[in-house]
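# Structure assessment
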Protein chains: 6
Amino acid sequence: MRPSGRAADALRSVTLETDVNKYAEGSCLVAFGDTRVLCTATVEDRVPPFLKGSGRGWVTAEYGMLPRATDTRTDREAATGRQSGRSQEIQRLIGRSLRAVTDLSGFGERRVRIDCDRLQADGGTRTASITGGFVALHLAFQHLKRLKVVPAVPIRDHVAAISCGIYRGTAVLDLDYAEDSAAEADANFVLTGEGGIVEVQATAEKSAFAQEEFDRMLALARKGIGELVEAQRAAIAKGP
Amino acid sequence: MRPSGRAADALRSVTLETDVNKYAEGSCLVAFGDTRVLCTATVEDRVPPFLKGSGRGWVTAEYGMLPRATDTRTDREAATGRQSGRSQEIQRLIGRSLRAVTDLSGFGERRVRIDCDRLQADGGTRTASITGGFVALHLAFQHLKRLKVVPAVPIRDHVAAISCGIYRGTAVLDLDYAEDSAAEADANFVLTGEGGIVEVQATAEKSAFAQEEFDRMLALARKGIGELVEAQRAAIAKGP
Amino acid sequence: MRPSGRAADALRSVTLETDVNKYAEGSCLVAFGDTRVLCTATVEDRVPPFLKGSGRGWVTAEYGMLPRATDTRTDREAATGRQSGRSQEIQRLIGRSLRAVTDLSGFGERRVRIDCDRLQADGGTRTASITGGFVALHLAFQHLKRLKVVPAVPIRDHVAAISCGIYRGTAVLDLDYAEDSAAEADANFVLTGEGGIVEVQATAEKSAFAQEEFDRMLALARKGIGELVEAQRAAIAKGP
Amino acid sequence: MRPSGRAADALRSVTLETDVNKYAEGSCLVAFGDTRVLCTATVEDRVPPFLKGSGRGWVTAEYGMLPRATDTRTDREAATGRQSGRSQEIQRLIGRSLRAVTDLSGFGERRVRIDCDRLQADGGTRTASITGGFVALHLAFQHLKRLKVVPAVPIRDHVAAISCGIYRGTAVLDLDYAEDSAAEADANFVLTGEGGIVEVQATAEKSAFAQEEFDRMLALARKGIGELVEAQRAAIAKGP
Amino acid sequence: MRPSGRAADALRSVTLETDVNKYAEGSCLVAFGDTRVLCTATVEDRVPPFLKGSGRGWVTAEYGMLPRATDTRTDREAATGRQSGRSQEIQRLIGRSLRAVTDLSGFGERRVRIDCDRLQADGGTRTASITGGFVALHLAFQHLKRLKVVPAVPIRDHVAAISCGIYRGTAVLDLDYAEDSAAEADANFVLTGEGGIVEVQATAEKSAFAQEEFDRMLALARKGIGELVEAQRAAIAKGP
Amino acid sequence: MRPSGRAADALRSVTLETDVNKYAEGSCLVAFGDTRVLCTATVEDRVPPFLKGSGRGWVTAEYGMLPRATDTRTDREAATGRQSGRSQEIQRLIGRSLRAVTDLSGFGERRVRIDCDRLQADGGTRTASITGGFVALHLAFQHLKRLKVVPAVPIRDHVAAISCGIYRGTAVLDLDYAEDSAAEADANFVLTGEGGIVEVQATAEKSAFAQEEFDRMLALARKGIGELVEAQRAAIAKGP
């Protein structure tokens, strides 16, 4: 039995609210249950030095946390003077995941920066960030298309992410914080709309786990990501 | 004529939404028009070293900005490695303003930290932060009172803040960004519910201004802060 | 009765010693009683990026403190690795105040940097810095005029600053440290030679204060700044 | 055909040289082909705050790089003033992997710090670090056992790591730099001696990959890690 | 012929003005020609961790520079966020030199901190700092003696410092900046009143120099330091 | 009697192993007894700004330490966020020493960076770094010569370094850590192959020392450096 009473293969309530920022080229407030992340996409007319003259663009992400997003207040990274290793790890993951489905040749020498700021945390921040960041990115490209800066939205497929875990011996989908802190193993899966694997991060929390357990988690992730992709489609169709 | 069409003495639409964070002891999402600041209050059972053993508490604030709160994206302070001087100046102002109406002897050796994070900016962020931060602080004290940690809410009076400016030769209330960037002078006033002055910061933007202009701005501020205090009363009465 | 025995409207002894640095284009050692600040002006042949190609110049300030300028030694900011928020707040105030009386179109694309280093502190450091910084700036422009780099000193009016406070219920001029740490309110006024307001920063230290108290402080400031402007005139007339 | 001429399932030449540092409680210079990492274990008689009074110990890792470990010199992290996100990500992975096979209740309130410094890089640094770090950790515990500080080496199983990739459409074992920079996908596997999964990090480099490809990589990793565990056994048996 | 017209064995004009800071336990404004350093001594009732419980004290130094102490303005170290390697090297030298003549058992578990701030630079800053820092230290100990905190001034001998150089083939004493920047070799000597060597730092600027040149520089240093010690005696005798 | 049993004028066993890094243009693993430093030379096709357009090159050094190079682990400088003053002092010394024998006009506008990383420490790290860094530098220039980038190795003479000390009243050569921590005085000498003085750093550890003691240390250094230069010749002759 899960603390939330959810079935093993049930996502939390997922919402993807678009057009939540008056300045950003694309924006999405994503909620996975009580986890809420504000994603904005900023289009810049320049690329990092290694791409200058290449005709290609780039997509990066930055991740931040409001101090009281968590039960116990977390020190503000701007005040401590540096981003934690965990923040950097998450933002690199978001960037890699979004680039995996983006046609980097399709929007000129531009950089899209996805800012994912965690307003409230209850497990699954990084997977919500990827899922909502994709929506913000897509909306920003729609915006460029409307302005005739690009002929088409340079995105080849959806990408979304979900966590799974082994909780009290059972594989479960979309861990909330209560489960995450007690799970025997947890894994984050980033998959495309067509089911291709973009990224897997699986970690044994107490002792090693078996391949069958891994396989069960992956199967759950496929189901959950299918549902997330549907939600993305609906959010994107509405447009900004 | 103001760009927004407002009368010289008209506030923008002001909302103070409470209970917007499931963890914080008090929280308030304040909007002054398109300016939106998320304020949370965190109660800690310890005080800064200079108060240890004094039996007294303390109230401080921290100020942050989401990168795309502004028309042009601002670099994340956690990434640049330090808070800007402006952020520090604002958070010290918020803290001073809230302490001015708090009975620091009335809640034991505790520290309340007010986090004000700017989600979207359109002028007046610091005044919105003080106004909304007061609500978050009051709700946190109500929370302590319900838990019987304190016998009464240790707040002596309301405190709220508003900006005024000289725009095209006329004193106007509650500058938005379009006015702020073109004003001849601007001033931030922090007043109590009873009309006492807590803080004045007045700056000539182009050349010096006259005492009469200052007096007219202060009169407008009195009117606006009267309305803000009414809004605070309503928000606090609803409770968290 | 003031601790120093001064009348409520009496400045401390003020001196403005010029030509105290063999390298700087302008320099002034300013003393307000025991408060001593060394001000130097450095002329650079370049401007910040936002002014490139504009034909206009800029004036900025930096503020520093010797560790034992205070009764209890203060950690060196270079050793702690960052300027305090207070230092940044002060240096931004100095810069704004000096720019308010400078004709930024009158000296080409140059930057004048005013360094104000507090050698000894006894209250009123920021007001002494503005008052002495003005002299250093004026001398630097005189230097450029003698070199025929500029046709005239591009300064439109004097600017000087003084603090006032409500001390034991009475408005007093030019607080020293003993008064400053016990005052009910304190305010810094930056005025031009003609009496225009450049900046006001007024803060209630214990509880809010009334508008009449503010007005009395401003009247005292006018008197004090009149005397400071006379001292500036004398210092500038002597030249470097 | 692999650039090195190796078979798809062939490791590079692996050596685990022990006792390479006269001060460390355990040390191992690990080579995976031209990749060389110096691993040292330091035993400290204190634990992080969250374990004080728990009777349990902790194992952490730090990762560093000599500037010319790479073909193009990399700036020294001490000179740039911070560890890169990548370094932090790697050292957290090493720590988690080693803790997964350590009995943290078996050596009192002590911390063992594993320093992994990359002397030369040719792909697979993090997997070499985990594999060699395990040897350094084991030797340190043997040292504590000889001193009768612990009754037995508090390690439950081996742990080792290897990378795999999809290179020109084929799954291959133990990527060197030439393969790593051209692979379609790459994955790092951390497994125990008994074959349990401790950590999986799989990343699509260009486009998503299929589950069958993932499974083939995992099978290769099992084979390679079997060989690494044998090499660890030999190194540990010799002792320091 | 030296640029200043001085004889090869002539010091610049040296002054040691005491009691220049109203707060410091000891203070001295030292001038070697146009080089001016403000030295203050601060007595603290605590020692660094490695001396706790030892009954012994410690003497350290910190070195700072006003930005316009030099012909071309130097960036403020507080603004760049760190002390330069050169500043740290100088302050460690000052501390070592002063400790070499101090009886660290003679003033309890206290730390004396010597702040040396360069107001104006014209060569020889570090030697002026040591020479003036000694005076500030002695005055602070005299102060402790008057307060009966120590029975006697815990200083065993004088210590002073001077630079020498090979300038156009000739050994000269007390280099000013014009000589320092053109010298073939330069050396800093720190000697005691009795002529013992505390520290030697000799550097070839263009090519190596011969032992005889070194010996000639040392002989000049002996003469110069003899004169500096006389000046110290006079300054100390006057007392604060 | 020395702790190691060595004669007063005996070096420890010295080895200079070349070609220890597959990427660096020159490399040398130097050992002075148990002190081991890995030196690599990196040639870059650009110079610092002050040399642009001069046609001349530059040689710099950076110094690093593995955390467990010492008996007690030292915190990693990348983790503490800055290089210590001591590290900066050492790397500046290495750079100055190598430049003193290099013909900076002989290799175009290039910079050679010498990285000296201390793998294990037992006294004399900086002298080993200079001695081994010279070999790495020479090999890098040989490499440029073979590529016909330079017509000849632009080095005018050897440079090597050794420490001496006064240990229990006797001058001894090449201090190991046991001696270094107990010596009454210690000195580092950097000399050329022809015996010219490049740098002297002599420090009294407890009380001042006499000129005769200094002279005896210098004589020992001459002998030791003669032997080091022979070892350099052999290492360089073998080539990379």
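A few points on the structure.

Criteria and thresholds
Residues numbered from 1 in each chain as written. Chains lettered and ligands numbered in written order. Predicted model: local features only at pLDDT ≥ 70, side-chain atom pairs only at ≥ 80, totals over all residues. Heavy atoms only, no water. Helix = DSSP H or I, 4+ residues; strand = E, 2+ residues; numbered from the N terminus. Rg over C-alpha atoms; globule rule 2.2 N^0.38 Å. Buried < 20%, exposed > 50% of the residue type's maximum accessible area, 1.4 Å probe, protein only. Contact = heavy atoms within 4.5 Å. Expected span 1.5 Å × (residues − 1). Salt bridge = Lys/Arg side-chain N within 4 Å of Asp/Glu carboxyl O. Least-squares fit on C-alpha atoms with pLDDT ≥ 70 in both. Patch = residues over 30% accessible without salt bridge, like charges linked within 9 Å, V, L, I, M, F, W, Y side chains within 5 Å. Areas by Shrake-Rupley, 256 points an atom, 1.4 Å probe, with all protein chains shown as cover. Lys, Arg positive; Asp, Glu negative; His and termini not counted. Charge placed at Lys NZ, Arg CZ, Asp CG, Glu CD. Buried area = accessible area lost by both parts, 1.4 Å probe. Polar contact = N/O pair within 3.5 Å; in protein donor to acceptor, adjacent residues only side chain to side chain. Nonpolar A, V, L, I, M, F, W, Y, C, P; charged D, E, K, R; others polar. Pairing = 2+ DSSP bridges. Axes fitted to C-alpha atoms, helices over the stretch in contact; angles between N-to-C directions. Phe/Tyr/Trp six-rings, centres within 6.5 Å; stacked < 30°, edge-to-face > 60°.

## Overview of the overall build of chain A
Counting its regular elements, chain A contains five helices and nine strands. Helices (α) and strands (β) of chain A occur, in sequence order from the N terminus, as β-β-β-β-α-α-β-α-β-β-α-β-β-α. Here the C-alpha radius of gyration of chain A, 18 Å, is about what a compact globule of 240 residues would show, namely 18 Å. Projected onto the principal axes, the alpha-carbon positions of chain A cover approximately 50 × 40 × 35 Å. For chain A, the residues scored as buried account for 65% of the 240 residues in total. For chain A, the share of sequence-separated contacts (at least 6 apart) that also reach a separation of at least 24 residues comes to 70%.

## Describing helix α3 (residues 125-146) of chain B
Residues and elements named next belong to chain B. Its 22 residues give α3 an end-to-end C-alpha distance of 31 Å, which sits within 8% of 32 Å, the value for a rise of 1.5 Å per residue. Burial analysis of α3 places 19 of its 22 residues in the buried class, which makes it a mostly covered element. Residue K148 follows α3 closely and has a positive phi angle near 60 degrees.

## A short note on the pattern of salt bridges
Enumeration according to the criterion identifies 143 salt bridges over all chains in this entry. The partner of C:E89 in a salt bridge is B:R92, with the nearest N and O atoms 2.7 Å apart. Of the two residues, C:E89 sits in helix α2 (residues 85-99) while B:R92 sits in helix α2 (residues 85-99), which places them in two different chains. What makes B:R92 partly exposed here is its relative accessible area of 31%.

## Some words on the relation of the copies chain A and chain B
When chain A is fitted onto chain B, the two copies agree to an RMSD of 0.0 Å after a turn of 180 degrees and an axial shift of 0.0 Å. Expressed as an axis order, the relation between the two copies is that of a two-fold axis. Taking C-alpha positions as the reference, the residue of chain A nearest the rotation axis is A:A78, at 1.9 Å. Same-surface contact between copies: 100% of interface residues of chain A are shared with the interface of chain B.

## Topic: the side chain of A:Q232
Residues and elements named next belong to chain A. Within the secondary structure, Q232 sits in helix α5 (residues 211-238). Here Q232 falls in the buried class, since its relative accessible area comes to 0%. Filtering out sequence-adjacent residues up to four positions away, Q232 remains in contact with L16, T131, F134, V135, H158, V159 and A160.

## Notes on a negative patch on the surface
On the surface, A:E212, A:D215, D:E212 and D:D215 cluster together into a negatively charged patch. Of all the elements in the fold, those that place two or more residues in the negative patch are α5 of chain A together with α5 (211-238) of chain D. As for its placement among the helices and strands, A:D215 is situated in helix α5.

## A few points about the interface of chain A and chain B
Contact residues are listed per partner, giving 38 residues for chain A and 38 residues for chain B. Buried surface at the junction of chain A and chain B, summed over both partners, amounts to about 2,900 Å²; 45% is from carbon and sulfur atoms. In this assembly, chain A and chain B are joined by 14 salt bridges. Here A:K22 and B:D34 are joined by a salt bridge, their closest N and O atoms 2.9 Å apart. At the surface where chain A touches chain B, the tally comes to 26 residue pairs in polar contact (both at pLDDT 80 or more). Of all the elements in the fold, those that place two or more residues in the side of chain A that touches chain B are β3 (35-44), β4 (58-65), α1 (77-80) and β5 (111-120) of chain A. At six residues, β5(A) tops the list of elements feeding residues into the side of chain A that touches chain B. Grouping the amino acids of the side of chain A that touches chain B by side-chain chemistry returns 14 nonpolar, eight polar and 16 charged.

## Thoughts on the sheet that holds strand β7 (residues 170-173) of chain F
Overall, antiparallel pairing links the eight strands, which are arranged β7(E)-β6(E)-β8(E)-β9(E)-β9(F)-β8(F)-β6(F)-β7(F) in an open sheet. Both outer strands of the open sheet, β7 (170-173) of chain E together with β7 of chain F, are each paired with one neighbouring strand and no more. Strand-to-strand, the axes of this sheet are offset by a mean angle of 15 degrees, without reference to chain direction. Where strand β6 (residues 159-167) of chain F lies against strand β8 (residues 185-192) of chain F, eight bridges are found, and the strand directions are antiparallel. Paired with F:S163 across the bridge in β8(F) is F:N188. Those strands touched by helix α2 (residues 85-99) of chain F are β9 (197-204) of chain E together with β6, β8 and β9 (197-204) of chain F, and its axis lies near 150 degrees from that of β9(F). Across the sheet, helix α5 (residues 211-238) of chain F is in contact with β9 of chain E together with β6, β7, β8 and β9 of chain F; its angle to β6(F) comes to roughly 140 degrees.

## A few points about the arrangement of the chains
There is a gap between chain C and chain D: no contact, and a shortest C-alpha distance of 12 Å. The two units chain B and chain F never meet; even their closest C-alpha atoms stay 12 Å apart.

## Here we look at the packing of aromatic side chains
One pass over the full model with this rule turns up 21 aromatic pairs over all chains. Between the aromatic rings of D:F50 and D:W58, the centroid separation amounts to 5.2 Å while the plane-to-plane angle is 90 degrees, which identifies the pairing as edge-to-face. Judged by relative accessible area, D:F50 falls into the exposed class, the value being 56%. Summarising the aromatic geometry, the rings of E:F214 and F:F214 are spaced 4.9 Å apart at their centres and angled 10 degrees between planes, so their arrangement reads as stacked. Remark: F:F214 occurs in helix α5 and E:F214 occurs in helix α5 (residues 211-238); the pair is interchain, linking two chains. Each member of the pair, E:F214 as well as F:F214, is classed as buried.

Keep in mind that these numbers describe shape and distance, not what the molecule does.
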